[in-house]
Structure formats: structure tokens, C-alpha cells
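What follows is the residue order along each chain.
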Amino acid sequence: MNTISTLGSHCALQVLKGAKDEGFKTKLVCEKKRVELYKRFRFIDEMIIVDRFNEIKEKKVSDELVESVLIPHGTMISSMSKEEIDRLEIPFFGNKKILYWEADRRLKNELLKSANLTIPKSFDSYEEIDRLVLVKLHGAAGGKGYFLAWDKESFMNNFRVLKEKGVINNENELFIQEYVVGVPVYLQYFYSPINNELELLGIDKRYESNVDSIGRIPARYQDIISASYNVIGNQPLVLRESLLDEVYKMGDRFVNACKRLVEPGMIGPFCLEGVYDEDANFITFEFSGRIVAGTNLYIQGSPYSTLLYNEPMSTGRRIAREIKIARENDKLDLILSKNF
Amino acid sequence: MNTISTLGSHCALQVLKGAKDEGFKTKLVCEKKRVELYKRFRFIDEMIIVDRFNEIKEKKVSDELVESVLIPHGTMISSMSKEEIDRLEIPFFGNKKILYWEADRRLKNELLKSANLTIPKSFDSYEEIDRLVLVKLHGAAGGKGYFLAWDKESFMNNFRVLKEKGVINNENELFIQEYVVGVPVYLQYFYSPINNELELLGIDKRYESNVDSIGRIPARYQDIISASYNVIGNQPLVLRESLLDEVYKMGDRFVNACKRLVEPGMIGPFCLEGVYDEDANFITFEFSGRIVAGTNLYIQGSPYSTLLYNEPMSTGRRIAREIKIARENDKLDLILSKNF
Amino acid sequence: MNTISTLGSHCALQVLKGAKDEGFKTKLVCEKKRVELYKRFRFIDEMIIVDRFNEIKEKKVSDELVESVLIPHGTMISSMSKEEIDRLEIPFFGNKKILYWEADRRLKNELLKSANLTIPKSFDSYEEIDRLVLVKLHGAAGGKGYFLAWDKESFMNNFRVLKEKGVINNENELFIQEYVVGVPVYLQYFYSPINNELELLGIDKRYESNVDSIGRIPARYQDIISASYNVIGNQPLVLRESLLDEVYKMGDRFVNACKRLVEPGMIGPFCLEGVYDEDANFITFEFSGRIVAGTNLYIQGSPYSTLLYNEPMSTGRRIAREIKIARENDKLDLILSKNF
């Protein structure tokens with residue numbers, strides 16, 4: 001267990017850089033088409049080249065990973081089914097079951113409610129839409145295919161376009177959620193089951209195309225614009241300090257809800273994703289039960305990690321640190337998924 | 001004087017982290033409800049637990065602070081009256097009188113004008129509104145309750161809502177200012193009365209709910225939106241280098257105006273807050289005569305502090321450095337308010 | 001060649017700070033009116049004071065620079081004609097010819113096309129406008145004078161205003177480009193001709209007045225707004241990791257196109273400037289064939305430079321590093337323009 005591995009996308013550079021900084025060997029599962037990119041980075045010790053990421057379920061590839069700890073991220077979730085992830089015979093950082101809850105909108109909402117977080121109203125059918133709503137595809141698709149609607153008709157107009165494009169087949173693949181007006185904020189947490197402590201490691205907002213371009217075009221020119229939410233990148237943020245107390249309390253409540261509903265509970269990084277409305281209340285519309293890409297902003301550490309660590313501590317490095325501490329204290333069973 | 005203290009909110013983490021980095025002991029006046037938050041941070045040596053911040057005016061609490069230097073910030077200003085701050089018998093970093101000028105919009109404008117800064121037109125009465133205006137509550141309320149109006153009627157509509165909510169009682173509590181179109185910029189300065197030097201330590205923009213969400217919603221869906229300016233956080237910025245000369249000149253003029261009007265003048269951090277219009281002219285709509293929360297972005301230092309210091313220099317740390325230099329040179333009287 | 005020099009504007013502070021960090025002496029060509037600003041920074045060893053930057057073409061000034069390497073930037077391009085730059089008898093970092101291609105919109109597009117980059121449709125005459133277009137002035141003017149139009153009439157309305165202001169004289173000074181909806185992204189590259197390697201050193205977006213203020217004003221109040229693109233500053237960004245492969249490929253293609261069309265090719269920093277549309281395709285609307293001001297964000301290094309270097313590596317410092325490596329390996333001819 002002196003090697004850390006991950007799939008070559010999402011936050012792989014951060015994860016393996018952090019692993020190297022903590023003294024681990026690093027191994028990247030890399031798609032053939034991306035080899036040129038990843039070989040530019042000296043902290044990647046070894047690459048396992050595949051055609052598609054889900055080849056890690058095959059013995060040939062998983063044999064090369066079985067001596068490493070595999071770090072999951074958003075691309076793993078969108079490349080493999082939960083059954084495939086479940087059957088992986090590779091030491092796996094974190095709680096696999098939380099990834100299933102993340103991937104299912106109904107379970108996701110159950111977990112958020114159990115944590116006593118405020119969530120937007122959701123609608124079972126497009127027939128019920130009575131206000132501005134955001135319509136989302138099920139599964140982690142990075143905001144692609146999301147759209148706004150405010151009644152049955154505007155819903156159907158957008159739905160037909162997506163259907164013609166082949167993005168979706170029927171309305172049930174869509175999740176209809178009240179559009180909450182407010183500024184988006186992504187809270188990057190890390191929970192250590194070893195010392196039972198929660199850390200806020202960073203905060204960001206997403207940079208999405210084309211919704212983040214609307215504000216640069218005067219209203220009278222906006223006829224050409226439809227709102228879409230394809231995540232292009234991330235921008236750094238700090239929060240008002242008076243909001244931090246509730247930020248930590250929300251994180252604690254979420255960690256406790258995971259302990260109750262998805263044992264053994266949260267392990268390592270997660271993210272609460274929502275908006276602050278004009279009264280500075282946080283409405284949580286999503287969570288990610290693993291490292292999020294917004295942490296890539298803080299490869300040099302964030303203002304928040306700097307309050308906790310006297311060295312540059314990215315979330316990727318924090319994961320490696322946790323594995324190192326677990327290994328030294330013979331507590332790897334507390335941070336790895338054991339279902340194999 | 002080897003302890004630095006502050007109230008637990010606003011920028012307390014930055015201030016005490018900076019104090020610790022400069023070798024000071026650190027003391028936090030902490031509201032009971034926030035103890036869980038602040039005890040997460042190892043650089044806080046001691047907490048004085050209170051129910052409300054204004055208990056620091058009571059002997060029991062102030063006795064515990066009298067050996068420390070107290071760093072004021074925005075939460076102190078909004079938690080205590082100027083008379084209460086004035087009577088505090090605690091060594092106080094900075095010039096208390098500037099805080100009074102900051103809290104009074106008429107004095108504030110007088111100081112800005114004396115510094116030859118361009119300020120927006122203000123209106124004595126809502127009857128005079130003849131263009132787009134921003135209406136603000138008196139006092140440092142973090143943007144809460146601000147609204148846009150363009151005539152008597154739209155003013156009264158918003159006014160009634162705030163009155164019904166109990167936020168305000170009459171029109172005189174409101175300050176009506178021309179809305180200047182341009183991009184908001186907050187200039188974080190530090191003035192040292194010891195070496196008579198001005199430093200630009202960072203630049204930010206605020207992240208406000210819900211005005212910063214408007215640009216993510218197409219015009220045709222904006223009926224549900226009213227513009228409000230509740231500060232949720234801050235985002236980092238750098239300026240065009242050709243603007244820096246005027247940035248320093250504006251800072252110098254402001255420092256000189258403070259020397260003339262509010263003796264002994266500015267001490268330590270302050271902020272000029274405004275917009276750059278489309279001709280790159282800066283229109284100043286506010287100042288803060290003390291550390292601002294936007295400096296929390298730069299706990300690791302900013303691009304601008306890095307040009308001045310070969311170590312990570314937050315504004316909080318810069319304050320501690322100034323106290324250290326003053327102490328070593330027997331010049332504490334130059335940086336502490338002496339009205340006790 | 002142990003001195004690095006540049007003109008006092010744009011990114012001079014970053015460039016000379018980086019030079020100092022790499023052990024060079026530093027020399028600034030400084031306009032009289034800016035002396036007060038630049039003498040605040042201790043890493044500037046010497047200032048050559050001028051009335052206007054183009055005095056560097058005069059022997060008196062150029063004699064003082066002939067022992068240094070001069071780093072060009074945007075202000076140099078907008079202060080001097082290409083003939084003046086060409087005739088400079090000062091060791092010049094980079095390929096002067098690329099600056100000419102940058103300054104000519106037709107050559108610029110030829111180079112972008114040769115690199116197989118997607119560019120917006122351009123219109124030869126305002127009579128042909130059939131969609132939303134962005135109208136730009138020729139030359140590097142920092143976004144000043146840009147405007148939106150969607151037909152002949154809206155074009156002429158804006159044109160007349162600029163003509164009355166004396167900003168332009170006739171329509172031929174304007175470049176009409178399709179407005180591509182998407183989020184703006186500026187990709188900061190560095191190409192080393194010594195080791196034949198491309199590095200992504202940072203990513204930013206511009207902060208422009210007043211287009212970046214539109215999104216803070218509800219549609220119903222926007223009548224007072226015209227869209228203008230005066231660059232006030234820059235904001236940091238990271239990109240989705242899955243986009244990085246194409247980012248590097250685009251950079252490689254651009255470097256190769258420069259080798260073919262503008263020999264000896266690209267030397268040092270350059271920037272591809274465009275938008276990601278809602279399908280995450282990058283449409284390149286500009287390039288800069290030299291250091292861009294957005295790199296000023298990363299004086300402490302960026303998330304991307306941190307993946308490549310174990311020390312804070314700004315683009316300014318990277319330039320100095322390249323000169324140092326070239327000098328040590330007797331390869332200065334690979335990185336300096338030799339046309340004198």
C-alpha cells in the first residue's frame with residue numbers, strides 16, 4: 001500500500017501530485033488518447049494504458065492495481081455502473097455505497113433531508129411545474145443537458161430538443177427541481193474517520209457554459225441564448241466568516257446522516273453544493289460523496305486549508321495523508337471499502 | 001503587548017493566524033454559539049466566551065483584554081455604538097475616529113471628497129430620483145436591504161417591503177446614491193504610520209446574493225428577481241497594471257485626507273470600494289477604515305503582497321507585523337488609539 | 001546578459017520580480033509620470049526615465065538597454081509601430097515577427113486557421129451582418145471601443161458614437177466577428193524552443209467594463225447599458241481536467257503553425273483566447289504572441305505551474321529561467337530576435 005492510483009481525468013493530476021508529495025508511488029489508468037497529456041507530468045510514476053476506463057474491472061488491469069489504493073472521482077462514477085464499481089477487487093478509498101446514493105436522485109434527497117439540509121422542492125411530473133424550475137438528467141453528467149423551464153410548454157420545448165439530439169429518451173430520465181435564486185457555492189469538505197474530524201478545505205463556484213456568459217450580454221441581445229450548464233471550470237471563493245459556523249454544522253450533520261444511513265459512513269472528501277439566497281440561507285441542491293473537480297483550484301492549498309495546515313494541502317494531498325496515517329496506525333480498514 | 005485579540009467573526013481567523021505567524025499569543029472573544037467553530041483552529045490560544053460581543057465594554061471581559069492589542073473589524077462596528085467603542089479601555093489598533101466617519105454617510109462622503117475621489121451623486125430625498133439609483137441602509141450591514149430604484153414609485157415599492165419586514169422605519173434611514181454602471185473593485189490598502197508608507201495588499205470583488213446570480217438567468221426568466229446585495233463572499237482579482245499608479249495615488253490622497261480631517265490619520269488597513277466604468281475611471285462609493293473581509297482571500301498572500309514581501313503576507317499578518325515593529329521601536333503610540 | 005529589462009506597464013512588475021528571483025539584475029523603462037509607482041518595488045534595480053515609451057528607439061535610451069534582454073508585452077505593441085520594434089537594436093526576447101502577425105487581424109486569422117483552431121466567422125463589411133456580432137478595433141487596445149451589433153443599423157449607431165468621440169475615422173478600422181455565445185477562457189502557454197516543450201502555466205478570464213457588470217443588473221433596468229469591453233483586470237480559473245488534453249493539443253498545433261508560417265516560430269509565452277460553448281468546444285477569437293496580463297494573477301504560481309515546478313513559477317519568472325538556461329547552454333540565439 002505504498003502506491004496511489006486513479007483514473008486519468010477529473011482531478012487525477014491533483015490526486016497523484018498530492019500522493020507524490022506525501023511520499024507515495026503513483027499510478028495512472030490512462031486512456032490511450034490521453035497518454036500524451038499525462039506523460040508531461042513528472043509526478044506520475046507509471047501509466048496503465050486502456051481504451052476505456054471500465055477495463056479496470058478486467059483482471060488484466062485490476063491485477064496491476066491490486067497493490068495500490070484507488071481514488072475514485074466523478075469520471076469513475078460516470079464511466080462505470082454501480083455494480084461494476086461494487087465488484088472491483090482493488091483497494092478502494094472511501095465508502096462505495098455513498099457513490100450509489102450520490103448517483104440516485106431519490107436516495108440523494110433522502111440523505112440530504114436526513115442531514116436536515118434545506119433542499120429545493122422537486123416535482124414528480126412536468127405537469128406539476130408551477131414556478132421556475134431547473135431540469136436535470138439523472139447521473140453525474142457535469143451539468144450537460146440541464147435546462148430551465150417555467151411551465152409544461154417550456155419544459156416540452158426543451159425536452160423535444162434533447163430527445164431529437166438523442167441525449168434522452170423519455171421524461172423519466174429527467175429530474176425537475178425548483179430553481180432557487182441565489183449565488184452558487186460549492187463547499188469542499190474532508191472527513192477523517194480516523195480522528196473523527198471534519199475539515200473545510202476549500203470553496204469554489206463552477207464556471208458553466210453558457211449560463212455564465214448570459215451576464216455579459218445585454219437583455220435585448222439575449223434571444224439567441226438558451227441556458228445550459230456544462231461545467232467548463234471552477235473559480236475560487238471565500239465565504240463571509242459568519243457563515244462558516246453553519247458550514248461546519250451542515251458538514252457535521254451530513255457526516256452523521258451518512259453514519260446512520262450508509263454505514264460505515266463518509267470517508268474522506270465530499271462536497272455540499274447549493275446556493276446562498278438573498279437572506280444568506282444555504283439551499284443544498286446536490287452533494288458529491290467523493291472528491292470534486294473544484295478542488296483543482298487549490299493544488300497550492302486554499303485559504304481554508306492554510307488555517308488548518310502549515311503546508312500547501314490540496315484535497316488530493318489530504319487523501320494521501322489520510323492513507324499514510326491509516327497505514328502507520330494499522331487502520332486502513334477504516335478508510336477503504338472492504339466489499340471484496 | 002505580546003497578545004493580539006479580536007472578536008470571533010468577519011476576519012478573526014486571518015487576524016489571529018497572522019498574529020501567530022508573527023509570534024504573538026492569540027485571544028478570541030467568542031460568542032457561545034460559535035465556540036465549536038473556533039476551537040477547530042490551533043492558532044487560537046485562548047477564548048473569552050460571551051453571549052454578545054458588546055460585553056467587551058464590561059469590566060469583567062475588558063480586564064481580560066487589557067494586556068492585548070484589540071483588532072477592530074466590520075462586525076465590531078455593527079455590534080457596538082461609536083460611544084461604546086470610544087469608551088473601551090482596551091489597547092485598540094487603529095484610529096477609532098475613522099470608524100465613526102465610516103459609519104456616517106455624510107462624514108464618509110466628506111472624507112472621500114476631501115481625498116479628491118470621484119463619488120456617485122447622492123440624493124437628499126427620494127422625490128429627486130431622476131435616474132437609476134442604489135438605495136442603502138445607513139451603517140455597515142453587509143449589503144443587506146440595499147435595493148435598486150429608478151423613480152419615486154419603484155423606490156416606494158421597495159421601501160414598503162422593507163418597512164413591513166421591520167428592517168427600516170422611515171425613509172431617512174436610507175441613503176440614495178446614483179447607480180454607476182461598471183465593474184466593482186475593492187482595493188485593500190495598508191498604511192504604516194511608522195514608516196509612512198502605503199501598501200496595496202490585495203484586490204477583490206464581492207460575491208453578493210442575489211445580484212451575482214442575475215447574470216446566470218436569461219432575461220425572459222428574470223421576473224422573479226429583485227436585486228439585493230447581501231455579501232456572501234469574495235472573489236480574487238488583479239487589475240491592469242496601468243491602473244495601479246492611480247490606485248496608489250488614490251490611496252495616498254485618502255491617507256492625506258485622513259491626516260487633515262481625522263487626526264492622527266489612517267493607521268493600518270483600509271479599503272476603497274467602487275466601480276471602474278467603461279472608460280476605466282474609478283468611482284468610489286464607499287471606504288472602510290479598517291480591515292475588510294475580502295482580505296480573507298489572501299491568507300496565503302496575494303499577487304500584490306508577493307511584490308512587496310518575500311513571505312506570505314496577509315493583511316492580518318501585516319497588522320501583527322506593524323505591532324511588532326512598533327513595539328520593538330517603542331512606537332506603539334503611533335498605531336494605537338489613545339483615548340483612554 | 002545578466003540584466004532583464006522591460007517597459008513599465010502591463011506585466012512589468014511580474015517580469016522583473018521573476019527576473020530578480022532567477023538572479024538577474026532588473027531595469028525598467030519608466031514613464032516620468034509612473035516613477036512614483038515603480039520605485040515602491042525593491043526588486044527593480046534601475047529605472048530609465050522617459051516621457052514616452054517609444055523613446056527606446058532612440059540611441060540615448062537603447063544604449064542603456066543593449067546589455068539587457070528586453071521582454072516585450074502588450075503595452076510595447078500598442079506604443080510602437082512594427083517598423084519601430086523591428087529596428088530596435090536591443091536584445092529582444094521572443095520572435096518579433098509574431099508580434100506583427102498578432103497586430104494584423106488578417107494575418108492573425110491565417111495563423112489560427114493554419115493551427116486548425118476553430119475561429120468565429122468574420123464579416124468583410126457591415127452590410128453583411130446577419131447575426132449578433134462583436135465589432136473590434138484593429139490593434140491591441142485592451143477591449144476599448146468594442147461593441148455589439150446585430151444588423152446594419154445597430155452597427156451604424158455604435159459606429160457614429162465612436163466616430164464622434166474621435167476613437168475611429170472610418171469603418172475599415174473595425175473588424176466584425178460573429179459573437180460566439182460561451183464562457184471566455186484565456187489559456188496561458190509557454191513554449192521553450194530550447195527543450196521543445198509546451199507548458200500550460202495558467203488560465204484566466206478577463207474582467208471587463210462594462211460587460212461584466214451587466215449580469216448584476218436586472219433586465220428591466222438595463223436600458224442605460226451599452227456593452228463595452230474595456231479590460232479592467234483578470235480573474236483566476238481552472239478548467240475541467242478532461243479539457244486539458246485538447247488545450248495542450250491546440251497549443252502544440254499553434255506552435256507548429258508558427259514554425260511553418262513565422263520562422264523560427266514561437267518563443268516563450270503566448271495565449272489562446274476564446275470561449276467554450278455549451279458543448280465545451282473552444283472557439284478561438286484571438287491569440288497573443290507574447291506574455292499576457294492575465295499572468296499577473298499567478299505571481300505566486302498557478303495550480304498549473306505547480307504541477308510542473310516545485311517552486312512558485314510565474315510566467316515572468318519562467319521567461320527569466322529560459323534566458324538563464326539559454327545563457328548557460330550558449331543558446332541565446334534560439335530565444336532572442338536576431339534582426340539587428
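Residues numbered from 1 in each chain as written. Chains lettered and ligands numbered in written order. Predicted model: local features only at pLDDT ≥ 70, side-chain atom pairs only at ≥ 80, totals over all residues. Heavy atoms only, no water.

**Student:** Give me the lowdown on the overall build of chain A, citing residues and values where you can.
**Tutor:** Counting its regular elements, chain A contains 12 helices and 16 strands. Counting only C-alpha atoms and orienting by the principal axes, one finds that chain A spans roughly 60 × 45 × 40 Å. For chain A, buried positions account for 65% of its 340 residues. For chain A, the share of sequence-separated contacts (at least 6 apart) that also reach a separation of at least 24 residues comes to 61%. As displayed, chain A has an accessible area near 12500 Å², and 44% of this comes from carbon and sulfur atoms. Here chain A holds 47 positive side-chain charges and 50 negative ones, and the gap between their average locations is 4 Å. (Helix = DSSP H or I, 4+ residues; strand = E, 2+ residues; numbered from the N terminus. Buried < 20%, exposed > 50% of the residue type's maximum accessible area, 1.4 Å probe, protein only. Contact = heavy atoms within 4.5 Å. Areas by Shrake-Rupley, 256 points an atom, 1.4 Å probe, with all protein chains shown as cover. Lys, Arg positive; Asp, Glu negative; His and termini not counted. Charge placed at Lys NZ, Arg CZ, Asp CG, Glu CD.)

**Student:** Break down the sheet that holds strand S14 (residues 268–276) of chain C for me, citing the residues and quoting the values.
**Tutor:** On the basis of which strands lie adjacent, the open sheet formed by 6 strands has the order S13(B)-S12(C)-S11(C)-S10(C)-S14(C)-S15(C) and antiparallel pairing. What marks the edges here is a single partner per strand, and that holds for strand S13 (238–239) of chain B together with strand S15 (282–288) of chain C. Two strands pair when backbone bridges link them, and strand S10 (residues 183–192) of chain C and S14(C) are joined in this way by 9 bridges, in the antiparallel orientation. When the sheet's bridge partners are listed, C:Gln188 is paired in S14(C) with C:Cys271. In the packing of helix H12 (residues 315–328) of chain C onto the sheet, the strands contacted are S10, strand S11 (197–210) and S14 of chain C, and the crossing angle to S10(C) comes to about 15°. (Pairing = 2+ DSSP bridges. Axes fitted to C-alpha atoms, helices over the stretch in contact; angles between N-to-C directions.)

**Student:** Explain the interface of chain B and chain C to me, using residue names and the numbers behind them.
**Tutor:** Between chain B and chain C, the residue contacts involve 51 residues of the former and 44 residues of the latter. Per-residue buried area on chain B facing chain C is highest for B:Glu241, B:Glu278 and B:Leu307; these three make up 19% of the total on that side. Summed over the shared surface of chain B and chain C, the result is 3 salt bridges. Measuring nitrogen to oxygen at the nearest pair gives 3.0 Å for the salt bridge that ties B:Asp212 to C:Arg216. Inspection of the region where chain B meets chain C yields 23 residue pairs in polar contact (both at pLDDT 80 or more). When its residues are assigned to classes, the side of chain B that touches chain C shows 28 nonpolar, 11 polar and 12 charged. As paired elements, S13(B) and strand S12 (residues 229–236) of chain C share 2 bridges and run antiparallel to each other. (Buried area = accessible area lost by both parts, 1.4 Å probe. Salt bridge = Lys/Arg side-chain N within 4 Å of Asp/Glu carboxyl O. Polar contact = N/O pair within 3.5 Å; in protein donor to acceptor, adjacent residues only side chain to side chain. Nonpolar A, V, L, I, M, F, W, Y, C, P; charged D, E, K, R; others polar.)

**Student:** Please provide a residue-by-residue account of the pattern of salt bridges, values included.
**Tutor:** Under the defined criterion, the tally for this structure stands at 87 salt bridges over all chains. The residue A:Glu31 makes a salt bridge to A:Arg34 at a minimum N-O spacing of 4.0 Å. Residues A:Glu31 and A:Arg34 agree in their burial class; the two are buried. B:Glu127 is paired through a salt bridge with B:Lys152; the nearest N and O atoms lie 3.2 Å apart. Of the two residues, B:Glu127 sits in the loop between strand S6 (122–123) and strand S7 (133–137) while B:Lys152 sits in helix H8 (residues 152–164), which places them 25 residues apart along the sequence. Taken together, the shared-partner salt bridges connect A:Glu22, A:Glu311, A:Arg317, A:Arg321 and A:Lys324 into one network.

**Student:** So, the sheet that holds strand S8 (residues 147–149) of chain A: which residues are in play, and what are the values?
**Tutor:** Residue and element names in this part refer to chain A. As summarised here, the arrangement of the 4 strands in space is S6-S9-S7-S8, forming an open sheet in which the pairing is antiparallel. The open sheet terminates on both sides in strands that have one partner only, identified here as strand S6 (122–123) and S8. With 5 bridges connecting them, strand S7 (residues 133–137) and strand S9 (residues 174–178) associate as antiparallel partners. Along S9, the bridge assignment pairs Val-133 with Glu-178. The strands touched by helix H8 (residues 152–164) are S7, S8 and S9; relative to S8, the strand with the most contacts, the crossing angle is about 155°.

**Student:** Quick one: what's the story with the packing of aromatic side chains, residue by residue and with numbers?
**Tutor:** The description of an aromatic ring pair rests on the distance of the ring centres and on the angle between the ring planes. Applying the stated criterion across every chain, the model contains 33 aromatic pairs over all chains. With a centroid separation of 5.9 Å and 40° between ring planes, the pair formed by B:Phe41 and B:Phe43 is classed as tilted. On the basis of relative accessibility, which here comes to 4%, the residue B:Phe41 falls in the buried class. Ring pairing ties together the aromatic residues A:Tyr126, A:Phe147, A:Phe155 and A:Phe159, which thus form one cluster. (Phe/Tyr/Trp six-rings, centres within 6.5 Å; stacked < 30°, edge-to-face > 60°.)

**Student:** With reference to specific residues and values, describe the relation of the copies chain A and chain B.
**Tutor:** Of the transformation placing chain A onto chain B, the axial shift is 0.0 Å and the rotation is 120°, giving an RMSD of 0.0 Å. Taken together, these values place the two copies in the relation of a three-fold axis. In terms of proximity to the rotation axis, the leading residue of chain A is A:Gly215, whose C-alpha is 2.1 Å off the axis. The residues that chain A uses at the interface reappear at the interface of chain B in only 18% of cases, marking distinct surfaces. (Least-squares fit on C-alpha atoms with pLDDT ≥ 70 in both.)

**Student:** Break down the interface of chain A and chain B for me, citing the residues and quoting the values.
**Tutor:** Listed per partner, the contact involves 51 residues of chain A and 44 residues of chain B. Roughly 4200 Å² of surface becomes buried between chain A and chain B when both sides are summed, with 55% attributable to carbon and sulfur atoms. When the buried area of chain A at its contact with chain B is split by residue, A:Glu241, A:Glu278 and A:Leu307 rank highest and sum to 19% of it. Linking chain A with chain B are 3 salt bridges, by the criterion used here. Joining chain A to chain B, the criterion identifies 23 residue pairs in polar contact (both at pLDDT 80 or more). Counting residues per element, the ones that place at least two in the side of chain A that touches chain B are S8, strand S10 (183–192), strand S11 (197–210), helix H9 (211–214), strand S12 (229–236), strand S13 (238–239), helix H10 (244–261) and helix H11 (303–308) of chain A. Ranked by residue count, the leading element in the side of chain A that touches chain B is H10(A), at 5 residues. Among the residues making up the side of chain A that touches chain B, the classes are represented as 28 nonpolar, 11 polar and 12 charged.

**Student:** Provide a residue-level description of the relation of the copies chain B and chain C, including the pertinent values.
**Tutor:** With an axial shift of 0.0 Å and an RMSD of 0.0 Å, the rotation relating chain B to chain C amounts to 120°. Counting the interface residues of chain B, we find that no more than 18% of their copies in chain C are interface residues as well, pointing to two distinct contact surfaces.

**Student:** Can you break down helix H1 (residues 12–21) of chain B residue by residue, with the values?
**Tutor:** Three or four residues apart is the spacing at which side chains of an α-helix point the same way, because the helix has 3.6 residues per turn. Residue and element names in this part refer to chain B. Here H1 lies mainly inside the structure; 8 of its 10 residues are buried. Those residues of H1 that sit buried are Ala-12, Leu-13, Gln-14, Val-15, Leu-16, Lys-17, Gly-18 and Ala-19. Remark: Gly-23 follows H1 within two positions and exhibits a positive phi of approximately 95°.

**Student:** Break down the environment of A:Ser5 for me, with residues and values.
**Tutor:** All names here are of chain A. By the element assignment, Ser-5 lies in strand S1 (residues 3–7). The spacing of Ser-5 and Ile-44 is 39 residues in sequence and 9.6 Å in space, taken between C-alpha atoms. Dropping the residues within four chain positions of it, Ser-5 is found in contact with Leu-16, Lys-27, Leu-65, Ser-68, Val-69, Leu-70 and Ile-71. Within the local environment of Ser-5, its side chain forms a polar contact with the side chain of Ser-68, the two groups lying 2.8 Å apart.

**Student:** Explain the pairing of S11(C) to me, using residue names and the numbers behind them.
**Tutor:** Residues and elements named next belong to chain C. The buried count for S11 comes to 12 of 14 residues, which makes it a mostly enclosed element. Both S10 and S11 contribute to a ladder of 7 bridges, which runs antiparallel. Within S11, the position partnered with Gln-188 by the bridge is Gly-202. The turn joining S10 and S11, which pair antiparallel and follow one another in sequence, is formed by 4 residues; a positive phi near 55° is taken by Asn-196. Taken together, the 7 bridges between S11 and S12 define a ladder with antiparallel strand orientation. Counterpart to Asp-204 in the pairing with S12 is Pro-236.

**Student:** Could you give an account of the environment of A:Ser209, naming the residues involved and the relevant values?
**Tutor:** With respect to the secondary-structure elements, A:Ser209 resides in strand S11. It is 8.2 Å that separates the C-alpha atoms of A:Ser209 and A:Ala227, two residues lying 18 residues apart in sequence. Of note is the side chain of A:Ser209, whose polar atom sits 3.1 Å from the backbone oxygen of C:Asp277. Within the structure, the side chain of A:Ser209 is placed 3.3 Å from the backbone nitrogen of C:Glu278, a separation counted as a polar contact.

**Student:** Which residues make up the domain arrangement of chain A, and what are the values?
**Tutor:** One frequent convention defines the size of an interface as the accessible area lost when the parts assemble. Residue and element names in this part refer to chain A. Each assigned domain of chain A is listed with its residue range as follows: domain 1 (3–93), domain 2 (103–118 + 182–337) and domain 3 (122–178). Using C-alpha coordinates to define each centre, domain 1 is positioned 22 Å away from domain 2. Three residues stand out in domain 1 for area buried against domain 2, namely Gln-14, Glu-22 and Phe-93, and they jointly supply 42% of the buried area on that side. Between domain 1 and domain 2 we count 3 salt bridges in total. In this structure, Arg-317 engages Glu-22 in a salt bridge whose closest nitrogen and oxygen atoms are separated by 2.7 Å. Taken together, the connections running from domain 1 to domain 2 amount to 9 residue pairs in polar contact (both at pLDDT 80 or more). The set of elements that each furnish at least two residues to the side of domain 1 that touches domain 2 consists of helix H1 (12–21), strand S4 (69–71), helix H4 (74–79) and strand S5 (92–93). It is H1 that provides the largest number of residues to the side of domain 1 that touches domain 2, a total of 5 residues. Taken together, the residues that form the side of domain 1 that touches domain 2 break down as 12 nonpolar, 5 polar and 2 charged. (Domains from an automatic or database assignment.)

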